[in-house]
Amino acid sequence: MSDQKGQRQSRAEAREKAINQIIDIATAEFVEKGLAGARIDEIAGKATKRKIYYYFEGKEELYRAVLKRAYQRVRASEAQVDIESGTAVEALRRLIEHDVHYHSEHSELVRLVMNENIHRAEHLKQIEDLPSGNRQVIAILARIIARGEAEGSFRPGIDPVELHLNMTALSFYNVSNQFTFAQNFGVDMTSPEAVARRAKQVADIIIAWVTKQD
């Protein structure tokens, strides 16, 4: 019985490994060329077409799998941030700085989201369980906000969705505009020092907003 269970686990692990390898290759292709420009033959050149079509019906389903995993990974990373220790301000700062660093280290997420916006979230709408998964960060922020209000450090009435919007917008810019900003102003936005400085600045901006009293 234990041997059968071990075999099932091994098959499941092998399947997951194969799928992730395909998604790794496809991610690079979609990030570089977008959905319209990416070609299954190019992806298959680094995997195998037979294997791709064994797990996915075609390019669009593969693209959705790439998009889904990118979102799942950022949400999983946020769930690992310590939001319990210290004050609400300290907890929020840790989460904000984490998001800035994460987006800088995972530029594929930014590129994929930018591409999906070009498609008006057409493919995102077809991933049924993804919106609920993405809303996990809203629950995390709501907990921080409630604590901040109870401590008296946050002004009342902060919307966690608006807070997330502002955090994401400021985290995105370092990646989405790094080339044009560098060309226009000669600023390297990708060095570890630049990212760390930007993370602190973004946290300072957001915290000033949530703690400002009318």
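None of these values were measured; they are calculated from a predicted model. (Residues numbered from 1 in each chain as written. Predicted model: local features only at pLDDT ≥ 70, side-chain atom pairs only at ≥ 80, totals over all residues. Heavy atoms only, no water.)

> What's the story with the confidence of the model for the protein in this structure? I'm lost.
Regions with low pLDDT carry predicted coordinates that are not meant to be interpreted in detail. Of the residues in the protein, 94% have a pLDDT of 70 or more, and the chain-wide mean is 93. The least confident element of the protein, judged by mean pLDDT, is helix α1 (residues 2-37) at 85; the most confident is helix α5 (residues 88-105) at 98. (pLDDT = per-residue confidence, 0-100. Helix = DSSP H or I, 4+ residues; strand = E, 2+ residues; numbered from the N terminus.)

> Looking at this structure, I do not really get the packing of aromatic side chains. What am I missing?
The geometry of an aromatic ring pair is captured by the separation of the ring centres together with the interplanar angle, meaning the angle of the planes. Tallied over the full model, the rule gives four aromatic pairs. When the centroid spacing of 4.9 Å and the interplanar angle of 85° are considered together, the rings of Tyr54 and Tyr55 count as edge-to-face. Geometrically, the ring pair formed by Phe181 and Phe185 is tilted, given 4.8 Å between the ring centres and 50° between the ring planes. Residue Phe181 and its partner Phe185 are located together in helix α10 (residues 178-185), separated by four residues, close to a single helical turn. Feature note: the residues Tyr173, Phe181 and Phe185 constitute an aromatic cluster, connected by ring pairs. (Phe/Tyr/Trp six-rings, centres within 6.5 Å; stacked < 30°, edge-to-face > 60°.)

> Just checking my understanding: could you explain the nonpolar core for this structure?
In a soluble, globular protein the nonpolar side chains are often hidden away together inside. Core analysis: the biggest nonpolar cluster contains 32 residues, and Ile23, Phe30, Ile43, Ile52, Phe56, Leu62 and Leu112 have the highest contact counts within it. If sequence neighbours within four positions are ignored, Phe56 has contacts with Ile19, Ile22, Ile23, Glu61, Leu62 and Ala65. Counting 24 residues, the second-largest nonpolar core is a separate cluster that includes Val100, Ile140, Val202 and Ile206. (Core = buried A, V, L, I, M, F, W, Y, C linked by side-chain atoms within 4.5 Å. Buried < 20%, exposed > 50% of the residue type's maximum accessible area, 1.4 Å probe, protein only. Contact = heavy atoms within 4.5 Å.)

> Would you mind going over the environment of Gly186 with me for this structure?
On the secondary structure map, Gly186 appears in the loop between α10 and α11 (192-211). We classify Gly186 as exposed; its relative accessible area is 66%. Taking C-alpha positions, Gly186 is 34 Å from Val161, a pair spaced 25 residues apart along the chain.

> Help me understand the pattern of salt bridges in this model?
It is possible for side chains bearing opposite charge to pair when their charged atoms get close. On inspection of all chains with the given rule, the structure shows 11 salt bridges. Among the ionic pairs, Asp41 bridges to Lys49, the shortest N-O distance being 2.5 Å. For Asp41, a relative accessible area of 52% puts it in the exposed group. The shortest N-O distance in the salt bridge between Lys200 and Asp204 comes to 3.0 Å. Placement of the pair is Lys200 and Asp204 together in helix α11, with a separation of four residues, close to one helical turn. Because the salt bridges share partners, they merge into one network encompassing Arg93, Glu97, Lys200 and Asp204. (Salt bridge = Lys/Arg side-chain N within 4 Å of Asp/Glu carboxyl O.)

> In this structure, what is going on with the environment of Asp129? I would like to understand it.
The topology assignment puts Asp129 in the loop between α6 (107-118) and α7 (130-134). On the basis of relative accessible area, Asp129 is assigned to the partly exposed category, the value being 42%. Sequence separation between Asp129 and Lys68 is 61 residues, and the spatial gap between their C-alpha atoms is 9.3 Å.

> Looking at this model, I keep getting lost on the environment of Val66. Mind explaining?
Among the secondary structure elements, Val66 is positioned in helix α4 (residues 59-79). Classification of Val66 as buried rests on a relative accessible area of 1%. Spatially, the C-alpha atom of Val66 lies 10.0 Å from that of Glu108, the residues being 42 residues apart in sequence. For Val66, the residues in contact, after removing those within four places along its chain, are Ile23, Ala26, Thr27, Phe30 and Leu112.

> Explain α11 to me, please; I cannot follow it from the model alone.
Side chains that are three or four residues apart share a direction in an α-helix, a result of its 3.6 residues per turn. When the terminal C-alpha atoms of α11 are compared, their 28 Å separation across 20 residues agrees well with the 28 Å that a helix rising 1.5 Å per residue should span. Every buried residue of α11 is listed here: Ala194, Val195, Arg198, Ala199, Val202, Ala203, Ile206, Ile207 and Val210. The elements touched by buried residues of α11 are α5 and α9 (160-176). (Expected span 1.5 Å × (residues − 1).)

> What exactly am I supposed to notice about the packing of α6 against α9 here?
A packed helix pair is summarised by two numbers, namely the angle formed by the two axes and the spacing between the axes. Two elements in contact, α6 and α9, have axes separated by 10 Å at closest approach and are oriented at 100°. Between α6 and α9, the interaxial angle falls into the category roughly perpendicular. Across the interface between the two elements, Ser107, Val110, Arg111, Val113 and Met114 of α6 pack against Phe172, Val175 and Ser176 of α9. Per-class residue counts for the contact of α6 with α9 are five nonpolar, two polar and one charged. (Axes fitted to C-alpha atoms, helices over the stretch in contact; angles between N-to-C directions. Parallel < 35°, antiparallel > 145°, perpendicular 65-115°, else oblique. Nonpolar A, V, L, I, M, F, W, Y, C, P; charged D, E, K, R; others polar.)

> Please clarify how the side chain of Glu116 should be interpreted in this entry.
The topology assignment puts Glu116 in helix α6. Among buried charged residues, Glu116 stands out as having no salt bridge; its nearest opposite-charge side chain is Lys125, 8.0 Å away. A distance of 2.8 Å separates the side chain of Glu116 from the backbone nitrogen of Leu124, its partner in a polar contact. In this structure, Glu116 is in contact with Tyr63, Leu67, Ala121, Glu122, His123 and Leu124, ignoring residues within four places of it in sequence. (Lys, Arg positive; Asp, Glu negative; His and termini not counted. Polar contact = N/O pair within 3.5 Å; in protein donor to acceptor, adjacent residues only side chain to side chain.)

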